[in-house]
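Listed here are the chains, written in short residue letters.
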Amino acid sequence: PASLVATVLVGILAVAAARTPTLLGGLLAVPLGGLLASGGGRGRPAALVAASALFSSIVAFPALFAWISPGQVLFPPSAMAEGAAPPWAVTGTGAYSAGRLVLRSTGSVAWIALLGHLLPFEGVLRGLAAWRVPSLLLSLLAMGHRYLEVLSRCAQEIHLARLSRTFSSGDLREEQTLVGAGMGSLFRRTRRLAEEVTLAMVSRGCTAEAPQLVGVAPLAPKALLLPAASAGLALFGLWLERQ
């Protein structure tokens, strides 16, 4: 776990520091290949990467056009011949910027999806604990993960309760009203649960330490091999793109 966690962090940092689409594409291909090789090409990891690519493409789409990214016109050909770029023309600068944004965001999510596919959340926490991450941060991550599960379950219960009490869907305004009421009810329930958990922890003398992480074995030397090799390759790629 410690080796995988460190390798993924190196990959994310490399994606954040990369500048060219070529290197970003290579950094995206590595976690995608890992997902395919480990059986994560289908299901939640693949859906997460696909959703990230779709959302980032929607966000980056306006950057394609000349009114945001002026530069050499790529499309339409008539604008290329005339030399004057209309606001809706696609420019090379826009394509370059939009491509980098999509590759960077998708690459970061792909590394996280690979880590989540290879390790359960408890394994991620153990990997962080092996690197001597502060126990308070580990406890916050563990509680946040459990809170998200409770939040998801409460939302599902509210949705199923509404379906069991209605025979047909109403108009748009009625649906919006029901969704808003459900969100308010969900907030009240989860806030009350958070306050109860906090009071229970304080009354029991919480030390901000996750019991399952106490006594985690120290970092083994072999756990440094994969992160060190990944860091070396990442630094070499960053050095090449700056030449």
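Our structure is the block above this text.
Caption draft 1: Examining the overall build of the protein chain more closely. Along the protein chain, the regular secondary structure elements total nine helices and two strands. Sorting the 243 residues of the protein chain into buried and exposed places 28% on the buried side. Look at the contacts in the protein chain between residues 6 or more apart in sequence, and 74% of them connect residues 24 or more apart. A total of about 15,400 Å² of accessible surface is found on the protein chain, and carbon and sulfur atoms cover 69% of it.

Caption draft 2: Looking closely at the nonpolar core. Core analysis: the largest hydrophobic core is formed by 25 residues, its most contacted members being Val 5, Ala 18, Leu 27, Leu 115 and Val 124. Elements supplying a minimum of two residues to this core: α1 (2–17), α2 (21–37), α5 (92–118), α6 (121–130), α7 (135–164) and α9 (225–241). Once residues lying within four places of it in the same chain are set aside, the contact partners of Val 124 are Val 5, Leu 115 and Leu 119.

Caption draft 3: Highlighting the packing of α6 against α7. Relative orientation of the contacting elements α6 and α7 amounts to 170°, with a least axis distance of 11 Å. As far as their axial angle goes, α7 and α6 are roughly antiparallel. From α6, Phe 121, Leu 125, Leu 128 and Ala 129 reach across to α7, where they touch Leu 138, Leu 141, Ala 142 and His 145. Considered class by class, the residues forming the contact of α6 with α7 number seven nonpolar, one polar and no charged.

Caption draft 4: Looking closely at α7. Counted at 1.5 Å a residue, the expected span for α7 with its 30 residues is 44 Å, and the 44 Å between its end C-alpha atoms agrees. Of the positions making up α7, those classed as buried are Leu 138, Ser 139, Ala 142, Val 150 and Cys 154.

About the criteria used
Per chain, the residues get numbers from 1 upward, laid out in the order the sequence is written. Per-residue local features are limited, in this predicted model, to residues with pLDDT of at least 70; the limit for side-chain atom pairs, both in listing and counting, is 80 or more; totals at the level of whole chains, interfaces and linings are taken over all residues. The basis for every side-chain value is the complete set of non-hydrogen atoms in the structure, without hydrogens or water. The numbering of helices and of strands both runs from the N terminus, where a helix is a DSSP run of H or I of at least 4 residues and a strand a run of E of at least 2. Burial here depends on accessible area, computed with a 1.4 Å probe over protein chains only, as a share of the maximum for the residue type. Under 20% is buried, over 50% is exposed, and the range in between is partly exposed. Residue contacts follow a heavy-atom distance rule, with two residues in contact if any of their heavy atoms lie within 4.5 Å. Note on areas: Shrake-Rupley, 1.4 Å probe, and residue coverage restricted to the protein chains presented here. In this text, buried Ala, Val, Leu, Ile, Met, Phe, Trp, Tyr and Cys residues form a nonpolar core when linked through side-chain atoms within 4.5 Å. As a rule, the C-alpha atoms of each element are fitted with a line to give its axis, helices using only the stretch in contact, and angles between N-to-C directions run from 0 to 180 degrees. To sort the angles, those under 35 degrees are grouped as roughly parallel, those over 145 as roughly antiparallel, those from 65 to 115 as roughly perpendicular, and the leftovers as oblique. Classification used: nonpolar for Ala, Val, Leu, Ile, Met, Phe, Trp, Tyr, Cys and Pro, charged for Asp, Glu, Lys and Arg, polar for all others including Gly. To estimate how far a helix should extend, the number of its residues minus one is multiplied by 1.5 Å.

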